[in-house]
Amino acid sequence: MVKNVVAVLTIIAIGVWLAGSPVAAQQSRGAVVDVPRSPNAEQLARGRYMVVTGDCNVCHTVNYDTLEGKVPENEWLTGGNVGRRGPWGTTYPTNLRINVSAMTEADWVAYAKELRTRPGMPAWSLRETSVEDLRAMYQFIKSLGAPGKPARPFLPPGQEPETPYVQVVAAGPPKPLAPLPPSTAGNVQRNAGANAATSRSGPDAEILALGRYMVLTGHCNNCHTRDYGRLEGKVAEKEWLMGNLQGHRGPWGTTYPTNLRIEVSKMTEAQWIAYVKNLRTRPPMPWWTLHERNIDDLRAIYQFIKTLGTPGEPAPSFLPPDQQPKPPYIQWPAAISAQ
Ligand code: HEC
Ligand code: HEC
């Protein structure tokens, strides 16, 4: 037994030595010559992961949504051709390769940390992205290839877009947030569970922070939290991910972002992982980006959602295409599925 352990440790030690020495040599060489850091494979993979799970392609890549993510990388992020229309006019997701090609890595980080745009872009979640991840995204976007042409320019209000667009069909002037549904006996029990999560037996603070970060940068709140987009992310955590009354209407019918707390409260962590790894939904949920998430991040998302509090009420049920939803809802273009 002891012999085996020693043998294993020796193998590990040799492995570490073999793997470590070229890196160490490279690092010391870098230190002497002081060349600018070039991205390594790990950083590019991280950048790709943050772009995919951050849904940048959903808006900034032509057809990414309709092809359920099956767009080759050499076509990624050259700008979207589906507008976001509202009282501000019509915004088009920009060609991010052009942004990146005109900046240094440090410029990009500073820019993203302060980014303000017109509506359509969830700039608040990009601002919450860590410096390390922003650097990785920069390097990944830079590696995608030639910048190409700029996306369509912004159209001021009153100008009719020539392209398909997404638009909120309002119910009238915006209303203040409704109070949370009253808690029930079952909820009290779940709250006790949520509090226990901060004790030693529950997930630690690091896991919860990771889960929160992945929910934020993955834009889950944009759809699954009421008024989150309109309030540019300024919604208290106790209201996060309880589903949305604002449906998404398109050729598929009207879908309502579900109450994810209910989902999570019904499952163990292992069940959740198996569930999201195989998830397929109707549009516009980018379910394929959940498949690309690593297990640790999915676990952290589960644990974080679990601590948010009482599950509350389910979101409204799906309406088939021939049924008219109650405003407000988001109207998706009919043409989007045929593009
Ligand atoms: C829901 C759609 C949507 C998603 C998701 C999205 N964007 Fe955007 N983005 C837009 C739109 C629309 C604009 C143009 C806004 C404007 O015209 O002011 C934009 C603008 C930007 C800009 C400003 C560009 C400029 O020149 O002004 C940056 C930078 C950006 N997006 C980066 C990202 C990154 C990185 C991601 C992924 C983490 C992302 N976006 C995800 C829709 C989106
Ligand atoms: C663009 C809007 C949008 C974004 C962003 C989004 N969702 Fe969804 N999601 C939806 C809609 C709409 C549905 C309901 C689809 C249906 O009815 O088939 C849904 C369904 C789901 C379901 C299936 C629930 C069920 O009952 O079958 C899960 C799980 C889910 N989303 C998790 C997430 C997570 C986690 C994130 C963030 C990483 C996220 N979603 C981001 C819109 C979105």
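Notes on the structure in this doc start here. Remember, predicted model here, so these are calculated numbers, not experimental data. (Residues numbered from 1 in each chain as written. Chains lettered and ligands numbered in written order. Predicted model: local features only at pLDDT ≥ 70, side-chain atom pairs only at ≥ 80, totals over all residues.)

1. Section: the nonpolar core
Across soluble globular proteins, nonpolar side chains have a tendency to be buried as a group. In terms of nonpolar packing, the biggest core is built from 19 residues, with V51, L77, W108, L134, M137, Y138 and I141 touching the most fellow members. Listing elements by their share of this core, those giving two or more residues are helix 2 (41-53), helix 4 (96-101), helix 5 (105-113) and helix 7 (131-143). Per element, the largest residue contribution to this core is 6 residues, and it comes from helix 7. M137 has contacts with G47, M50 and V51, leaving out every residue within four places of it along the chain. Residues L241, M242, W272 and Y302 belong to the second largest nonpolar core, which totals 17 residues. (Core = buried A, V, L, I, M, F, W, Y, C linked by C-beta atoms within 7 Å. Buried ≥ 20, exposed ≤ 12 C-beta atoms within 10 Å, placed from the backbone. Helix = DSSP H or I, 4+ residues; strand = E, 2+ residues; numbered from the N terminus. Contact = placed C-beta atoms within 7 Å.)

2. As for unusual backbone geometry
Leaving glycine aside, a negative phi is the common case for residues, and trans is the common case for peptide bonds. Between P283 and the following residue, P284, the backbone shows a cis peptide bond with an omega angle of -5°. Along the chain, the position of P284 falls in the loop between helix 12 (269-277) and helix 13 (287-291). Between P327 and the following residue, P328, the backbone shows a cis peptide bond with an omega angle of 0°. Mapped onto the secondary structure, P328 falls in the loop between helix 14 (295-307) and strand 6 (329-331). Its identity as a non-glycine residue notwithstanding, L77 has a phi of 65°, on the positive side. Structurally, L77 can be placed in the loop between helix 3 (56-60) and strand 1 (83-86). With a phi angle near 60°, H219 is a residue other than glycine that sits in the positive phi range. Its place among the elements puts H219 in the loop between helix 9 (205-217) and helix 10 (220-224). Owing to 24 C-beta atoms within 10 Å, H219 belongs among the buried residues under this scheme.

3. Regarding the environment of G120
Topologically, G120 is positioned in the loop between helix 5 and helix 6 (123-127). By the C-beta count within 10 Å, which is 23 here, G120 ends up buried. Distance in space between the C-alpha atoms of G120 and G83 is 8.4 Å, their sequence separation being 37 residues. Leave out the neighbours within four places in its chain, and G120 touches R84 and T91.

4. So, the site of ligand 2
G218, C220, C223, R282 and M285 are the nearest of the 23 residues found near ligand 2. Secondary-structure elements contributing two or more residues to the shell around ligand 2 are helix 10 and helix 11 (260-265). Looking at the shell around ligand 2 element by element, the count peaks at 4 residues for helix 10. Taken together, the residues that form the shell around ligand 2 break down as 12 nonpolar, 8 polar and 3 charged. (Near = placed C-beta within 6 Å. Nonpolar A, V, L, I, M, F, W, Y, C, P; charged D, E, K, R; others polar.)

5. Structural notes on the packing of helix 2 against helix 7
Their axes nearest at 7 Å, the elements helix 2 and helix 7 cross at an angle of 95°. On the basis of their axis angle, the class for helix 2 and helix 7 is roughly perpendicular. Contacts between helix 2 and helix 7 involve Q43, L44, R46, G47, R48, M50 and V51 from the first element and D133, A136, M137, Q139, F140 and S143 from the second. Class assignment for the residues of the contact of helix 2 with helix 7 results in 6 nonpolar, 4 polar and 3 charged. (Axes fitted to C-alpha atoms, helices over the stretch in contact; angles between N-to-C directions. Parallel < 35°, antiparallel > 145°, perpendicular 65-115°, else oblique.)

6. Focus: the site of ligand 1
Around ligand 1 sit 22 residues, and of these G54, C56, C59, G120 and M121 come closest. Broken down by secondary-structure element, the contributors of at least two residues to the shell around ligand 1 are helix 3 and helix 4. The dominant element in the shell around ligand 1, judged by the number of residues it contributes, is helix 3, at 4 residues. Among the residues forming the shell around ligand 1, the class breakdown is 11 nonpolar, 8 polar and 3 charged.

7. Side note on the environment of E206
For E206, the position within the fold is in helix 9. C-alpha separation for the pair E206 and A300, spaced 94 residues apart in sequence, amounts to 9.0 Å.

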